[in-house]
Amino acid sequence: MEQRKSSRRTFLKTTALTVAIAGITPRSLLANGLFRENARVAEEEKDLVFLFQGDSITEGGRWINSSDQNHIMGQDYAFIISSHLGVDFPKSGFSFYNRGISGNTVFDLQKRWKTDSLDIKPDILSVLIGINDTFAVITNPTQAETMEQFEAAYRDILTQSKQSNPRTLFVLGIPFVYPVGPRKVKWELWRDETAKRAAVVRKLAAEFNAIVVDYPAMFAKVMKTTPVDYWIWDGIHPTIFGHELMAREWVKQVGEKLRFLKRIYV
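Position numbers for residues start from 1 in each chain and track the written sequence from start to end. Only residues with pLDDT of at least 70 are given local features in this predicted model, and only at 80 or more are side-chain atom pairs given and counted; all residues enter the totals for whole chains, interfaces and linings. Hydrogens are left out, water is left out, and the side-chain values use all remaining heavy atoms of the structure.

Things to note about the nonpolar core
Basically, it comes down to this: As used in this record, nonpolar core signifies buried Ala, Val, Leu, Ile, Met, Phe, Trp, Tyr and Cys residues forming a set joined through side-chain atoms within 4.5 Å. The buried label applies to any residue whose accessible area, calculated with a 1.4 Å probe on protein chains only, is under 20% of its type's maximum; exposed applies above 50%, and partly exposed to all values in between. Numbering of helices and strands starts at the N terminus; helices are DSSP runs of H or I of at least 4 residues and strands are runs of E of at least 2. Working rule for contacts: check all heavy atoms of both residues, and any pair within 4.5 Å makes them a contact.
Membership of the largest hydrophobic core comes to 45 residues, with the highest contact counts inside it found for Phe50, Tyr215, Phe219 and Trp250. The greatest single-element share of this core, amounting to six residues, is contributed by helix H11 (residues 240-254). What Trp250 contacts, discounting residues up to four positions off in sequence, is Phe50, Phe52, Ile81, Ile124, Ser126, Val171, Val213 and Tyr215. Counting 27 residues, the second-largest nonpolar core is a separate cluster that includes Trp113, Ile129, Val200 and Ala210.

Structure representation (structure tokens):
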């Protein structure tokens, strides 16, 4: 057991970046991985702890503070990723946690970071946050935090995690918004404030050697031929199809560093 824990702690140190990957086909997450004989995980990649953090997009209707195994991961991209990896690698020892909470800003994450992140000791920490910070600017601009404060709070939670486990693999999602439903009101402000926070996320990703999951770029491709509201029903929250697309993009990008993902899904 101690040897396995040691392997888990060192997997990021020994894993190098691989060549760029072409993409995930519609059958990749299911047909290519489901119970295939080569769905194996190297010793240094076993017993990994995956943690998904964020707001309502990540929460996905999960039952907070519940141990009910039907509801602990919600109904979103985090659930899809976890369910596929759990099925395809049942002997891996992987653990999955969803700690997204609806309405959260980066400052809310900061307040609960020790309990909901550090204490979980994640090896892979996935964060998608920022749209509620934009919402605060639009609804109560005089009380909203500044961009400098947003960046400082985001950097703080990543720094805490880095100090707790220097080999943490950060996966940072780029926030997104679209002119659908209520987001049509003050659309330019929604767009511009979200873009500013997206730029901060990219900056921090470079600073912390994080994987970037560019959800806006991903959605832009499919929205060329499909209506926006097919993927994002209210301008912020994905439909079930949008969450599936996010899950595929997450796996595609994280597969650059986790070898078992690249072998099976891409």
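Remarks on helix H6 (residues 131-139)
Note on helix geometry: an α-helix contains 3.6 residues per turn, so any two residues three or four positions apart are oriented the same way. All of the buried residues along H6 are Ile131, Asn132, Asp133, Thr134, Val137 and Ile138. Buried residues in H6 make contact with helix H4 (106-111), helix H7 (147-164) and helix H8 (187-207).

Considering H8
Inclusion rule: Any helix carries an expected span of 1.5 Å times its number of residues minus one. This arc corresponds to the set of directions leading from the helix axis out to the C-beta atoms.
Given a rise of 1.5 Å per residue, 21 residues ought to cover 30 Å, and the 30 Å separating the end C-alpha atoms of H8 matches this to within 8%. All of the buried residues along H8 are Trp187, Trp190, Glu193, Thr194, Arg197, Ala198, Val200, Val201, Leu204 and Ala205. The buried residues of H8 all sit within an arc of 160° when viewed along its axis, so they share a single face. Against H6, H7, strand S4 (169-173) and strand S5 (211-213) lie the buried residues of H8. Note on H8: the residue one or two positions beyond its end, Asn209, has a positive phi of about 55°.

Some thoughts on the side chain of Asp234
Spelled out, the test is: The definition of a polar contact used here is a pair of N or O atoms within 3.5 Å, where within protein one atom must be able to donate a hydrogen and the other to accept one, and adjacent residues in sequence count solely through side-chain atom pairs.
Of note, Asp234 is situated in the loop between helix H10 (228-231) and H11. Within polar-contact distance, the side chain of Asp234 engages the backbone nitrogen of His237 at 2.7 Å. Dropping the residues within four chain positions of it, Asp234 is found in contact with Val180, Pro182 and Arg183.

Description of the packing of H6 against H8
Applied cut-off: Fitted lines through C-alpha atoms give the axes, limited to the stretch in contact for helices. The angle between two N-to-C directions lies from 0 to 180 degrees. Angular relationships are summarised with four words: roughly parallel below 35 degrees, roughly antiparallel beyond 145, roughly perpendicular across 65 to 115, and oblique for the angles in between. By convention, the crossing between two helices is left-handed when the near helix turns anticlockwise from the far helix through less than a right angle, and right-handed when the turn is clockwise. Gly counts as polar in this scheme, as do all residues outside two lists: the nonpolar Ala, Val, Leu, Ile, Met, Phe, Trp, Tyr, Cys and Pro, and the charged Asp, Glu, Lys and Arg.
Interhelical geometry of H6 versus H8 gives an angle of 135° and a closest axis separation of 9 Å. As far as their axial angle goes, H8 and H6 are oblique. Between H6 and H8 the crossing geometry is right-handed. Contact residues: Ile131, Asp133, Thr134, Phe135, Val137 and Ile138 in H6; Leu189, Trp190, Glu193, Thr194 and Arg197 in H8. Among the residues making up the contact of H6 with H8, the classes are represented as six nonpolar, two polar and three charged.

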